[in-house]
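# A closer look at the structure
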Amino acid sequence: MRCKRTVKIIIDIAMYLIFVALMQEHLWSDGLHEWLGIVLFVLFIEHNILNFRWYQSFFKGKFTATRITLATINIALLAAMLCCMVSSVLVSGKVFAFLNLGGARFGRTLHLVSTAWAFVLMSLHLGLHLTSLTNKLKKNKKLLRAGQILAVLLAAYGVYVFIGRAFYEELFYLTEFKFFDTDKSAVLYFFETVAMSFPFAFITYYGRKLLQMKKNKMKIQGGTMNKLLKSILSLVLCIGCVFALAACGQQNNTTTDNTDTAVSNNTVADNNTDDSADSTSEESTAGDSNILVAYFSWSGNTQQVANWISDKTGGELFRITPEVDYTEDDVFDRAQDELNSGTRPPLSSHIDSETMAEYDVIFVGFPIWWYDLPMPVWSFLEEYDLSGKTIIPFFTHNGSSSGASSISTVAELCPDSTVLTDDYFTYSGNNVDEAESDVDEWLTELGYKN
Ligand SMILES: Cc1cc2nc3c(=O)[nH]c(=O)nc-3n(C[C@H](O)[C@H](O)[C@H](O)COP(=O)(O)O)c2cc1C
């Protein structure tokens, strides 16, 4: 019996840790991500077999408020986990790709939303087990107190991370893309995700306590109530402190990253609305400037930023144009297929090598596509000899405000150039109309403003 309980706990902890690790999708290769997901699935089945008695006794006994709450969380978690697994098969690019099931777009949406919910529900579920942990610790008052303080601090930090990452947007499908900060180390990212569990665990932990008090018809004696109020108050105070510290930190931060919040529903504008002279030209000339502003833009957001950069620096505009346009019907799948297979789409616009040699500085603009650089930009960067030039990336996004892997990809593709990997410009595509003053500020800081 004791052994079964230990196995159950080990499986639960392993499931949680694997799930959190899988949430840091950008740190895994596709194949590894999928195989680890399969391990999680096996553990999940094992977990359900070991807890089968819970299902057997589901309709037995009285449905108290506590029981209804627990059952709702557990069933919702079960549903979310099943959705995660079904959607993983639909979006699989490696292990289950041979099934060719289709429905990748639906699968991606389902995967984004269901993993977010599974994480929240798992955290709520964890909170239910906190009572037995604190009961065990009660024997050692000092350890209990230290644990409580640590938990409160982590919960406060978790709230901060939850808001900073705009995690609520994933829960309610307000963004199509998950937030990744590729500048953060894997360990810190993992720690932050675990911290995000704490506020949810607190909800069920204290909620359960309150329900039990009610159930036992316990008079809420001053002492008990005081303890509860103290815990809640200290949590609120800690959250306040974390936000105050973060606000101070942000004031000193001179980064150009203006938009950590993703915005909903990317409206696809006409991708052929470029009225600048460069867009369809086979070749372009350098003119007087030693600055080139080369950009790829599908729905117009990055183009707008490129236009401002060109206006303000006097740089020559150059639009990177693939021979075959991406259409509304194929853009998502084609972009992902090209990225997965490493396809470099041929371009229809080119700069002759002599002209290119005259540029010293190249601003390279692009939208984030599948957490990376769109493949036409790979084609562009590989086409020319960019050695010795300064490459300054700028991009728009719909959630991946740090550019996910795109900046390191640019650096890899331009090994002999000086790539400004820290001083890039990033802006949310949906708010791009408001970006001009930020572009101004960024260019002034870089010293490229006319
Ligand atoms: C195929 C495709 C993939 C995308 N992938 C991401 C992504 O991984 N992360 C993100 O934040 N936004 C993503 N987006 C949203 C675009 O980066 C965002 O809307 C950008 O502002 C579009 O710029 P554009 O108008 O210059 O094409 C994607 C958009 C498309 C069409």
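Up top is the structure.
What comes next concerns the included structure.

Thresholds, definitions, all that
Residues numbered from 1 in each chain as written. Predicted model: local features only at pLDDT ≥ 70, side-chain atom pairs only at ≥ 80, totals over all residues. Helix = DSSP H or I, 4+ residues; strand = E, 2+ residues; numbered from the N terminus. Buried ≥ 20, exposed ≤ 12 C-beta atoms within 10 Å, placed from the backbone. Contact = placed C-beta atoms within 7 Å. Axes fitted to C-alpha atoms, helices over the stretch in contact; angles between N-to-C directions. Parallel < 35°, antiparallel > 145°, perpendicular 65-115°, else oblique. Left-handed = near helix turned anticlockwise from the far one by under 90°. Nonpolar A, V, L, I, M, F, W, Y, C, P; charged D, E, K, R; others polar. Near = placed C-beta within 6 Å. Core = buried A, V, L, I, M, F, W, Y, C linked by C-beta atoms within 7 Å. Expected span 1.5 Å × (residues − 1). Bend = angle between axes of the 7 residues up to and from the residue. Pairing = 2+ DSSP bridges. Right-handed = clockwise from strand over helix to strand, strands pointing away.

## With respect to the overall build of the protein
Per the secondary structure count, the protein includes 15 helices and six strands. Within the protein, the proportion of its 450 residues that are buried is 33%. Look at the contacts in the protein between residues 6 or more apart in sequence, and 83% of them connect residues 24 or more apart.

## Remarks on the environment of Glu 323
Within the secondary structure, Glu 323 sits in the loop between strand E2 (316-319) and helix H11 (331-341). In this structure the C-alpha to C-alpha distance between Glu 323 and Leu 347, which are 24 residues apart in sequence, comes to 5.0 Å. Setting aside anything within four residues of it in sequence, one finds Glu 323 in contact with Pro 345, Pro 346, Leu 347 and Ser 348.

## Some remarks on the packing of helix H1 (residues 2-23) against helix H2 (residues 30-50)
Where H1 contacts H2, the axes come no closer than 10 Å and their chain directions differ by 150°. Classified by the angle between their axes, H1 and H2 sit roughly antiparallel to one another. The handedness of the crossing between H1 and H2 comes out as left-handed. On the side of H1, the interface is formed by Lys 4, Val 7, Lys 8, Ile 11, Asp 12, Ala 14, Met 15, Ile 18, Phe 19, Ala 21 and Leu 22, while H2 contributes His 33, Leu 36, Gly 37, Val 39, Leu 40, Leu 43, Phe 44, Glu 46, His 47 and Leu 50. Here the contact of H1 with H2 is composed, by residue class, of 14 nonpolar, three polar and four charged.

## Describing the site of the ligand
Taken together, 23 residues are adjacent to the ligand, and Ser 297, Asn 301, Thr 302, Pro 367 and Gly 429 come closest. Looking at the shell around the ligand, the elements with two or more residues in it are helix H10 (301-313), H11 and strand E4 (390-397). When grouped by side-chain class, the residues that make up the shell around the ligand number 10 nonpolar, 13 polar and no charged.

## Details of the nonpolar core
Generally speaking, soluble globular proteins have nonpolar side chains that are buried together. In this structure, Val 293, Ala 294, Ile 309 and Val 377 are the most contacted members of the largest nonpolar core, which totals 51 residues. The residues touching Val 377, leaving out its near neighbours within four places in the chain, are Phe 296, Ile 320, Val 364 and Phe 366. Ranked by size, the runner-up nonpolar core spans 31 residues in total, among them Met 122, Val 152, Ala 155 and Tyr 205.

## Side note on the packing of H10 against helix H15 (residues 436-446)
Relative to each other, H10 and H15 sit at 45°, their axes nearing to 10 Å. By the angle class used here, H10 and H15 are oblique. When you trace H10 past H15, the crossing you get is right-handed. Touching Val 305, Trp 308, Ile 309, Lys 312 and Thr 313 of H10 are Glu 436, Val 439, Asp 440 and Leu 443, all from H15. Residue composition of the contact of H10 with H15, grouped by class: five nonpolar, one polar and three charged.

## Overview of helix H5 (residues 104-137)
For an α-helix the count is 3.6 residues per turn, leaving residues at separations of three or four pointing the same way. A rise of 1.5 Å per residue sets the reference length of H5, with its 34 residues, at 50 Å; its end C-alpha atoms lie 47 Å apart and thus fit the reference within 8%. Taking the largest bend as the criterion, H5 deviates by roughly 35°, centred on His 129.

## Observations regarding the pairing of E2
Both faces of E2 are covered, namely the face carrying Glu 316 and Phe 318 and the face carrying Leu 317 and Arg 319. Pairing analysis gives four bridges linking strand E1 (residues 291-295) to E2, with the strands arranged parallel. Bridged to Val 293 within E2 is Leu 317. Once the chain exits E1 it traverses H10 before rejoining the sheet at E2, and the crossover so formed is right-handed.

## As for the environment of Ala 195
You can see Ala 195 is positioned in helix H8 (residues 186-215). For Ala 195, a count of 19 C-beta atoms within 10 Å corresponds to the partly exposed category. Along the chain, Ala 195 and Ala 155 lie 40 residues apart, while their C-alpha atoms are 6.2 Å from each other.

## Remarks on helix H13 (residues 375-383)
Here H13 has its buried residues at Met 375, Pro 376, Val 377, Trp 378, Phe 380 and Leu 381. Buried residues belonging to H13 abut E1, H11, strand E3 (361-367) and helix H14 (406-413).

## What to know about unusual backbone geometry
Even without being a glycine, Ala 166 presents a positive backbone phi close to 50°. With respect to the helices, strands and loops of the structure, Ala 166 is situated in the loop between helix H6 (141-164) and helix H7 (167-171). Its 18 C-beta neighbours within 10 Å are what place Ala 166 among the partly exposed residues. The phi angle at Tyr 173 is positive, at roughly 50°, despite the residue not being glycine. Here Tyr 173 lies in the loop between H7 and H8.

## Some words on the pairing of strand E6 (residues 425-428)
The alternating pattern of E6 places Phe 425 and Tyr 427 and Thr 426 and Ser 428 on opposite faces, both of which are buried. Where E4 meets E6, four bridges bridge the pair, whose relative direction is parallel. Looking at the pairing, Phe 394 lines up with Phe 425 of E6.

## Concerning the environment of Pro 393
Mapping Pro 393 onto the fold places it in strand E4. Taking the C-alpha atoms as reference, Pro 393 lies 7.9 Å from Val 410; in sequence the two are 17 residues apart. The contacts of Pro 393, once residues within four sequence positions are left out, are Val 364, Ile 407, Val 410, Leu 420 and Tyr 424.

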